[in-house]
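Architecture and fold: a report
Each chain, written out:
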Amino acid sequence: SVPSREEAARKAKAVPEEPLAPAIADARVVAEQRALAAGREEGLAEGRRLGFNQGRQEGYDAGKSDGYRIGKEEGKEEGKEEGFLAGKSAGANAELADQAAAERVADSIRAIDRSRSLSEILDTLASCAGREATRAAVFLARDGQLRGWRFIGFGPAFDRASEIEAPLADGGLIEEAVRTKAAVSKGSAVPGAAPKLAEVPDGCEMLAIPVTVGDRVVAALYAEVGKAGQSPRKPARPALEMMGRHAAGCLGGVAPVRTAQMPGDA
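Attention in this report is confined to the structure presented alongside it.

The rules we used
- Residues numbered from 1 in each chain as written.
- Predicted model: local features only at pLDDT ≥ 70, side-chain atom pairs only at ≥ 80, totals over all residues.
- Heavy atoms only, no water.
- 1 Å grid on protein atoms, 1.4 Å probe; cavity = no way out; pocket = protein on both sides within 12 Å on 5 of 7 lines; lining within 4 Å.
- Points joined across faces, edges and corners; volume = space filled by probe spheres on them.
- Helix = DSSP H or I, 4+ residues; strand = E, 2+ residues; numbered from the N terminus.
- Nonpolar A, V, L, I, M, F, W, Y, C, P; charged D, E, K, R; others polar.
- Salt bridge = Lys/Arg side-chain N within 4 Å of Asp/Glu carboxyl O.
- Buried < 20%, exposed > 50% of the residue type's maximum accessible area, 1.4 Å probe, protein only.

A word on empty space enclosed by the protein. A full pass over the atoms with the stated rule returns 1 cavity of 30 Å³ or more. In this structure, the largest cavity spans a volume of roughly 60 Å³. What lines the largest cavity is R135, F139, F151, F154, F158, I174, P195, L197, A198, V200, Y222 and E224. Among the elements of the structure, strand 1 (135-142) and strand 6 (216-225) are those that each provide at least two residues to the lining of the largest cavity. Taken together, the residues of the lining of the largest cavity sort by class into 10 nonpolar, no polar and 2 charged.

Bringing the pattern of salt bridges into the picture now. One pass over the full model with this rule turns up 11 salt bridges. We note a salt bridge from R110 to D107, for which the minimum N-O separation is 2.4 Å. Linking R110 with D107, this pair stays in helix 2 (residues 17-114), spanning 3 residues, or about one helical turn. Given a relative accessible area of 33%, D107 falls into the partly exposed group. For D170, the salt bridge identified is with K196, shortest N-O distance 3.8 Å. Taken together, the residues D170 in the loop between strand 3 (165-167) and helix 4 (173-180) and K196 in the loop between strand 4 (184-187) and strand 5 (205-213) connect sequence positions 26 residues apart.

Geometry only, nothing functional implied.
And the structure:
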């Protein structure tokens, strides 16, 4: 029988649909595979990026910690080496300074020994003390008065030493040294310690050493060691005391019969 027109149209329409179904399914699978591959690549890239950043941070932290440890050890060794060299140098310099100080004291003792008169002994004592102190002076002590003999480092106003005179009571630690017949050392900040004969710089150590002949204090050595902005030379006090005692011995030996009549007395 001859098919009707509607049936023929339906069959003609259905013919191309049968081969398209597998193609569509295949295309869908291909698209899914491509999407999966693209997602995998994107995931791999993102994972690599995150992993790289995390690994870099972990590596940085580990390297920093290790570097800190190694750097600390190396710095400690370098510091020990540098400290050792600095200490060795300082020790050598201190030894040289001590040797230089000892040589100066020995030179001073020899210079005092070579002095042949009362005046020369006192002049030499002042000069040698000036090598150990910032400022130094020798005073004659008589009848409750202090009279200047020689000043080192005090400036032109003290060049005419014999014109510098004051009551012993104004001598501060000089008065104490004369009264007790013992060396006295005090800081310039101690109330009443500074002599009123001259302005004393802040931050210095003052020393007064009596020069005794027999039982009588005939003179006094005064010295200032260091001041603001300067480092005092050490050991100043032992050197100055040694000079003062040696000068006293020489004074008594040069003119034992004249100890009651010192240079400059009226």
